[in-house]
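# Coordinate inspection notes
Residue-level listing of the chains:
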Amino acid sequence: MAAIKIVRRKNKQRKDGTAPLALRISENYQTNYCFLGQYVLEKHWNKETGLVKRSYPNSQQLNNFLRKKLTEAHNISFQSNNEVSPKEIKKKIISAKIRKSFFLLATERILQKYDRGTFSVAKSELSILFNIEEFLNLIKTKSKSKIIEDIKQRRNDRISRARKSKNSFLDGVNYFKKKKSLDFKDIDQSFIERYKTFCSSYLGQKTRTITNQLIFIRTLFNIAIKEGVVDIKYYPFAGNKEKIKLKSGNKVGLNRKEIRQIELLQLEEGSIMWHTRNIWLVAFYFAGIRISDILKLKWSDFKDNRLYYVMHKNEKPLSFKVPIKAEAILANYKKNKDNNSNYVFPLIQHANINDPEDIYRKVKSSTKKLNKYLKLIASECNIKKNLSNHIARHSFGNLAGDKIHPLMLQKLYRHSDLKTTLNYQANFIHRDADEALDSVINF
């Protein structure tokens, strides 16, 4: 267990002769100091007892304060089961002094995501805070239809202000940074159950969307416990409390015939439909590159007839040989190589390359546009499946089936964990189940 004592840091002595008092936390030759905001003269300090002498004005009051802080520090060290360093104990002591609300801790995490350039995560998590605020402000005396109407109106107003540059993302973050209306202790099992019902009944959200919000709340709780903001006994996801279960819906990919129909579709060169089809096919040919990555592909990513790129989602680097079919499509874009800011496809050519957030906005807008035109392509090809950018990935998985070794598929999909690949590919391997079914009913 860490050795904790209150000391007078004489090396920090001020001009008036006073020096700060601090908790000294030591273990395994590591020492950290947590200052207590109190300053005393050397003549008033008893370094043996770690308390002020009776000669100090209001000595009893200050000593009561020091004993309390020492007890709190020992409690934190004891509750940590001797598994944390003096630095972590100091962090917990400081966090205990600064009462952080749920919203404050949430905005700290969101700002970290924003500063790292993971704008999609930051913005989705900020949206969760607005959902939680709607839940906290729910007035049940109103009719359900009126509540839903008001929520939609407020959301539309936020979107409108953002589009007109009247409100920025950081305005939303700063708004919640100041809110102290929700404490971690308030988020118990009952709170979560009521919030799930609210998301389903008033926000019209599906199970996976609600689950993503619970994961966000759980993540913040884990951070709060680690930083000493809330005691682990208040954790609402432990033991027999709230269980977060990830459920995956059926993933449906195109078959060879449907993909061939898209390849053979006659479209006007240079039209948005033509670009949409080409982008989708190139994504498919490269084992289902995500749309956010393929729109940002640059000619500099191609070397010696290979594609070298880093997947934005998990920052995994990968190299692919350029398939013949992909090469034929890319040849159509090489003639405009110098006009598209080095981007292969022209949809985000006007994005400010020095502004990651502007690139993110252009990619998001282009993705929405491409999904719209993919629906028209599906109609032209008489494809009844929901054709979208992401289905290029599902289509590759569908055709791969059980023909490619899982370890190779893991590499192609850029998955960090083989288990993720096996679970993903299970959506497209139906042979065993089909044969089992046939063996029973075909008699």
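Thresholds, definitions, all that
- Residues numbered from 1 in each chain as written.
- Predicted model: local features only at pLDDT ≥ 70, side-chain atom pairs only at ≥ 80, totals over all residues.
- Heavy atoms only, no water.
- Pairing = 2+ DSSP bridges.
- Helix = DSSP H or I, 4+ residues; strand = E, 2+ residues; numbered from the N terminus.
- Axes fitted to C-alpha atoms, helices over the stretch in contact; angles between N-to-C directions.
- Left-handed = near helix turned anticlockwise from the far one by under 90°.
- Contact = heavy atoms within 4.5 Å.
- Nonpolar A, V, L, I, M, F, W, Y, C, P; charged D, E, K, R; others polar.
- Salt bridge = Lys/Arg side-chain N within 4 Å of Asp/Glu carboxyl O.
- Buried < 20%, exposed > 50% of the residue type's maximum accessible area, 1.4 Å probe, protein only.
- pLDDT = per-residue confidence, 0-100.

Turning to the sheet that holds strand β8 (residues 316–321), a few remarks are in order. If you walk across this open sheet you meet the 3 strands as β6-β7-β8, and the pairing is antiparallel. In this open sheet, the two edge strands, each paired with only one partner strand, are β6 (302–303) and β8. In this structure, strand β7 (residues 306–311) lies alongside β8, joined through 6 bridges in antiparallel fashion. Across the sheet, the residue bridging to L307 is F320, located in β8.

This part covers the packing of helix α7 (residues 189–201) against helix α8 (residues 207–226). One way to put it is that α7 packs onto α8 with a least axis distance of 10 Å and a crossing angle of 145°. The element α7 and its partner α8 pack so that their crossing is right-handed. Here I192, Y195, K196, C199 and S200 of α7 lie close against α8, whose contacting residues are I210, Q213, L214 and I217. Its residues assigned to classes, the contact of α7 with α8 shows 6 nonpolar, 2 polar and 1 charged.

The next point concerns the pattern of salt bridges. Applying the stated criterion to the full structure yields 17 salt bridges. Close ionic contact of R361 with E357 constitutes a salt bridge, the shortest N to O distance being 3.8 Å. One end of the pair, R361, and the other, E357, are both in helix α13 (residues 356–380), 4 residues apart, so they sit about a helical turn from each other. Assessed through its relative accessible area of 39%, R361 is described here as partly exposed. According to the relative accessible area criterion, E357 is buried, its value standing at 13%. Residues D358 and K362 are paired through a salt bridge, measuring 2.9 Å at the closest nitrogen-oxygen approach. Pair noted here: D358 and K362 are both in helix α13, with a separation of 4 residues, about one helical turn. Relative accessible area serves as the criterion here: at 10%, D358 is assigned to the buried category.

All right, on to the confidence of the model for the protein chain then. For the protein chain, per-residue confidence averages 84 on the pLDDT scale, and residues scoring 70 or more make up 84% of the total. Per-element confidence in the protein chain ranges from a low mean pLDDT of 54 for helix α17 (residues 431–441) to a high of 95 for α7.

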